[in-house]
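# Tertiary structure, described
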Amino acid sequence: MMTTRQLQDEILRLKKEKDICILAHAYQSHEILEVADYTGDSYGLSQQAAKAPQKNVLMCGVRFMAETVKILSPEKKVYLSNSGAGCPMAEQLDVEMLSALKESNPDYTVVAYINTTSELKTICDVCVTSSSALKIVNNIDNDKILFIPDCNLGAWVEKQVPQKTFKFVHGGCPTHLRMSVRDVKKARAAHPEAKLLVHPECLPEVSAMADYIGSTTGIMKYAKESDAKEFIIGTENSIVQHLQFECPDKKFYPLSKDCVCHNMKLTTLMDVYNCVCGQGGEEIKLDENVRVKAKACIDTMLTLGE
């Protein structure tokens, strides 16, 4: 039997010994964040991994995030701590479906949310993150945008770029879609002084009621810097706990108790331990042709303003 602290200490010892950089997405549990070298949003983590001196990278998150790390760091060994951790949104479209959409909309620029598979990125024009989507869409020369896969993030961008024409696929994040206007009314009634901070993956009618709309990192930054003392958090509920640790003088409430990403919750501290021991996880391997084409999509994002 090992305590959480003993397990964490052993992970910290082993990662140094085996030259492993641990990345933890912000939706991971706090006990995993405590052993990570870097925490944050998916794309930010892949950038940190590319700069890190370690030859091995362990992603505590979901598959597309580990793929993005491998796209940017082909010379490193990249592992996903729990091989079952996928992303329903990233898997909503496949190459055949998108190819058909492109064929029927040849004059549209295909803008892909970073939450997509590496295969899908190979036939997209540019990637975006939730924090860079607006800037990049504004900087695209074409005024016709096919935005995939999240129509809620796309609609949020569309509202702010009325001069462009958008087409969407009916996709999105099942976790963020669980939050409703009813949840907002209930939360506001319970906490009338609290600011409502939501992710743009939420339904448009939920976002319309928010005091702030932004990425996970943006939400956390806003809460830390704000003079307000109470916040309703409209994103994955682990963020409520992380903010409680970081801002003990403030109060944080979940917009909905159902806003839980089951794929993110698959990864346990024991998974991380097994992986650094060499007894678990999955090494991410990408076909070099796929990796190069997917990287071109990400490079265009950097050119246009990430």
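What comes next concerns the included structure. (Residues numbered from 1 in each chain as written. Predicted model: local features only at pLDDT ≥ 70, side-chain atom pairs only at ≥ 80, totals over all residues. Heavy atoms only, no water.)

All buried positions along helix 3 (residues 42-51) are accounted for by Ser42, Tyr43, Leu45, Ser46 and Ala49. Take helix 3 and look down its axis: the buried residues cluster within an arc of 155 degrees, on one side only. Next to the buried residues of helix 3 lie strand 1 (20-25), strand 2 (38-40), strand 3 (56-60), helix 4 (63-72) and helix 15 (288-304). (Buried < 20%, exposed > 50% of the residue type's maximum accessible area, 1.4 Å probe, protein only. Helix = DSSP H or I, 4+ residues; strand = E, 2+ residues; numbered from the N terminus. Arc of directions from axis to C-beta. Contact = heavy atoms within 4.5 Å.)

Bringing the environment of leucine 7 into the picture now. Looking at where leucine 7 falls in the secondary structure, it is placed in helix 1 (residues 4-17). Exposure remark for leucine 7: the relative accessible area of 8% places this residue in the buried category. Between the alpha carbons of leucine 7 and aspartate 41 there is a distance of 25 Å; along the sequence they are 34 residues apart. When neighbours within four sequence positions are excluded, leucine 7 is seen to be in contact with Met2, Leu269, Met270 and Tyr273.

This part is about the packing of aromatic side chains. The final tally for this structure, using the stated rule, is three aromatic pairs. Between phenylalanine 166 and phenylalanine 168, the ring centres sit 5.9 Å apart and the planes meet at 20 degrees, which makes this aromatic pair stacked. What makes phenylalanine 166 buried here is its relative accessible area of 9%. Taking 4.7 Å as the distance between ring centres and 25 degrees as the angle between the ring planes, the aromatic pair formed by tyrosine 212 and tyrosine 222 counts as stacked. Taken together, the residues tyrosine 212 in strand 10 (residues 212-213) and tyrosine 222 in helix 12 (residues 216-225) connect sequence positions 10 residues apart. Of the residues examined, tyrosine 222 reaches a relative accessible area of 26% and is grouped as partly exposed. (Phe/Tyr/Trp six-rings, centres within 6.5 Å; stacked < 30°, edge-to-face > 60°.)

Another aspect to go through is the packing of helix 1 against helix 14 (residues 269-276). Relative to each other, helix 1 and helix 14 sit at 30 degrees, their axes nearing to 10 Å. Considered as vectors, helix 1 and helix 14 are oriented roughly parallel to each other. Judged by the twist between their axes, the crossing of helix 1 over helix 14 is left-handed. For the pair formed by helix 1 and helix 14, the contact residues are Thr4, Leu7, Gln8, Glu10, Ile11 and Leu14 on the first element and Leu269, Met270, Val272, Tyr273 and Val276 on the second. For the contact of helix 1 with helix 14, the per-class residue count stands at eight nonpolar, two polar and one charged. (Axes fitted to C-alpha atoms, helices over the stretch in contact; angles between N-to-C directions. Parallel < 35°, antiparallel > 145°, perpendicular 65-115°, else oblique. Left-handed = near helix turned anticlockwise from the far one by under 90°. Nonpolar A, V, L, I, M, F, W, Y, C, P; charged D, E, K, R; others polar.)

Next up on the list: the nonpolar core. Counting 72 residues, the largest nonpolar core has Ile148 and Ile233 as its most contacted members. If you tally residues by element for this core, the top one is helix 4, at six residues. For isoleucine 148, the residues in contact, after removing those within four places along its chain, are Leu93, Leu98, Val110, Val111, Ala112, Tyr113, Thr116, Leu120, Cys124 and Val169. Formed by 17 residues, the second largest nonpolar core is a distinct cluster that contains Ile20, Ile22, Leu33 and Leu58. (Core = buried A, V, L, I, M, F, W, Y, C linked by side-chain atoms within 4.5 Å.)

What follows is about the sheet that holds strand 8 (residues 165-168). Strand order in the open sheet formed by four strands is 6-5-7-8, and the pairing between neighbours is parallel. A strand with exactly one partner marks an edge of an open sheet, and here the two such strands are strand 6 (126-128) and strand 8. Strand-to-strand twist of the sheet, defined as the mean angle between neighbouring strand axes without regard to direction, takes the value 30 degrees. Relative to strand 6, strand 5 (residues 109-113) runs parallel, the two sharing three bridges. Note on strand 6: the bridge partner recorded for valine 111 is valine 126. (Pairing = 2+ DSSP bridges.)

All right, on to the sheet that holds strand 11 (residues 230-234) then. Think of a sheet as strands paired side by side through backbone hydrogen bonds, with each pair either parallel or antiparallel. The four strands are arranged 10-9-11-12 in an open sheet whose pairing can be described as parallel. Edge positions in the open sheet fall to strand 10 and strand 12 (251-254), since each of these has one partner strand only. Looking at chain direction, strand 9 (residues 195-198) and strand 10 are connected through two bridges and run parallel. Residue pairing for strand 10: leucine 197 is matched across the bridge by tyrosine 212.

Right, let's talk about the packing of helix 12 against helix 13 (residues 238-246) for a bit. Orientation of helix 12 relative to helix 13, taken along the N-to-C sense of each, is 35 degrees, at an axis distance of 11 Å. As for how helix 12 packs across helix 13, the hand of that crossing is right-handed. Facing Thr216, Met220, Ala223 and Lys224 of helix 12, the residues of helix 13 in contact are Ile239, His242, Leu243 and Glu246. Partitioning the contact of helix 12 with helix 13 into residue classes produces four nonpolar, two polar and two charged.

Within the secondary structure, lysine 164 sits in the loop between helix 8 (151-160) and strand 8. Among buried Asp, Glu, Lys and Arg side chains, lysine 164 stands out as unpaired, with aspartate 141 the closest opposite charge at 7.0 Å. Sequence-distant contacts of lysine 164, defined by excluding residues within four places in its chain, comprise Val137, Asn138, Ile140, Asn142, Asp143 and Ile145. (Lys, Arg positive; Asp, Glu negative; His and termini not counted. Salt bridge = Lys/Arg side-chain N within 4 Å of Asp/Glu carboxyl O.)

Moving on to helix 12. Three or more residues of helix 12 are buried, namely Thr216, Gly218, Ile219, Met220 and Ala223. Residues of helix 12 that are buried in the fold lie against strand 9, strand 10, strand 11, helix 13 and strand 12.

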